[in-house]
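Single-letter residue listing:
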Amino acid sequence: MMVIFTSLKPSVGVVAEIQQRALENWRLCFPDSRIITFEGPLVPFREMVEKVERETDAEFLMYANGDVLFEEGNVLTQRRRGAEIWSLEKDFLLTGQRIDIFADGTKRLHRPSGMDYFVFRRGMFRDLPRVLMGRAYCDCALVAYCLRMGIPVIDASFALRVEHQFHDYGHVKGGRTAVWQGEDARANKTANQLCDFGPNVLDATHTLLPDGRVVGNIRRRPGCWKLWHLVTRGGKWWKNPKWDGVNNV
């Protein structure tokens, strides 16, 4: 049905425990899916996709960050009872907001830019510019590519609960600053023509509901929000003016 792939951090200390917990969760929640891991995190996204497509004949692929947990019996496994996405004839990208689990165990919904998983049809990212996973702008680069190409982006935040396990950035030389502002982050931004803020689930063209139906985006950003960003951030979230924001599944 679907192949799940990810790029893992060096498996030491707390990071090893987090990633092992995630992999066990995926095997439980997606028992019919094959899981493929890459040594990362700085693996180009398209390189991973091409390898997965060579090694499998799965029609649908999902990239997930190696620290997220899914709920058992989630909407992606309900092929018979719903999940219209599996019957869509066109390409699509499905993603959603995550829920952060903090060090003290408390949980909170991340802002709309917190996208840690991406479901899509094989062959869709052949023209994707270089995107290094595990660094800033990688997630919004995938969304931006799809919007530019007229590929529907489906927000699954209401239908799919995904939790992000707490970790620091001790595994990265330069810590949080390197992840968000370092050379690799700037490369993602430049290669994908992104500005300082990027498209996220609020820019999705459609919404996946808990019952599996796909409808028009029920929380698209209002025009005044875009105007505010134009005034305060100096431009659109990408530099390509051709996208008109209209897509149909």
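Residues numbered from 1 in each chain as written. Predicted model: local features only at pLDDT ≥ 70, side-chain atom pairs only at ≥ 80, totals over all residues. Heavy atoms only, no water.

Enquirer: Describe in detail the overall build of the protein, supporting the description with residues and values.
Expert: Assigned secondary structure in the protein consists of six helices and twelve strands. When the 249 residues of the protein are sorted by exposure, 53% land in the buried category. If you take every contact in the protein between residues at least 6 apart in sequence, the share linking residues at least 24 apart comes to 75%. Here the protein displays about 12,200 Å² of accessible surface, and carbon together with sulfur accounts for 50% of that area. (Helix = DSSP H or I, 4+ residues; strand = E, 2+ residues; numbered from the N terminus. Buried < 20%, exposed > 50% of the residue type's maximum accessible area, 1.4 Å probe, protein only. Contact = heavy atoms within 4.5 Å. Areas by Shrake-Rupley, 256 points an atom, 1.4 Å probe, with all protein chains shown as cover.)

Enquirer: How would you explain the sheet that holds strand E8 (residues 117-121) if you had to name every residue and give the values?
Expert: Spatial ordering of the open sheet is given by E2-E1-E3-E8-E5-E9-E11-E12, a layout of eight strands whose pairing is mixed. Of all strands in the sheet, those with a lone pairing partner are strand E2 (34-39) and strand E12 (214-216), marking the two edges. Pairwise comparison of adjacent strand axes, ignoring direction, gives a mean angle of 25° for this sheet. In this structure, strand E5 (residues 93-95) lies alongside E8, joined through two bridges in antiparallel fashion. Counterpart to Leu93 in the pairing with E8 is Phe120. (Pairing = 2+ DSSP bridges. Axes fitted to C-alpha atoms, helices over the stretch in contact; angles between N-to-C directions.)

Enquirer: An account of the sheet that holds strand E7 (residues 107-109) is needed here, citing residue identities and associated values.
Expert: Strand order in this open sheet of four strands is E4-E10-E6-E7, and the pairing throughout is mixed. At either end of the open sheet lies a strand with only one pairing partner, and these are strand E4 (68-70) and E7. Along the sheet, successive strands turn relative to each other by an average axial angle of 30°, direction set aside.

Enquirer: Kindly report on helix H1 (residues 13-29), identifying the contributing residues and their values.
Expert: Its 17 residues place the ends of H1 25 Å apart at the C-alpha level, agreeing with the 24 Å of an ideal helix rising 1.5 Å per residue. Considering only its buried residues, H1 is in contact with strand E1 (2-8), E2, strand E3 (60-64) and E4. (Expected span 1.5 Å × (residues − 1).)

Enquirer: Give me the pattern of salt bridges: which residues, what numbers.
Expert: Using the criterion set out here, one finds ten salt bridges in the structure. A salt bridge links Arg161 to Glu163; its shortest N-O distance comes to 3.1 Å. The salt bridge involving Arg213 is made with Asp211; its shortest N-O contact spans 2.8 Å. Look at the salt bridges and you will find they share partners, linking Arg34, Lys51 and Glu55 into a network. (Salt bridge = Lys/Arg side-chain N within 4 Å of Asp/Glu carboxyl O.)

Enquirer: Provide a residue-level description of the pairing of E8, including the pertinent values.
Expert: Taking burial as the measure, the five residues of E8 include five buried ones, the bulk of the element. Examined bridge by bridge, E3 and E8 share five bridges and lie antiparallel to one another. Looking across to E8, one finds that Leu61 is bridged to Phe120.

That is the geometry; function is a separate question.
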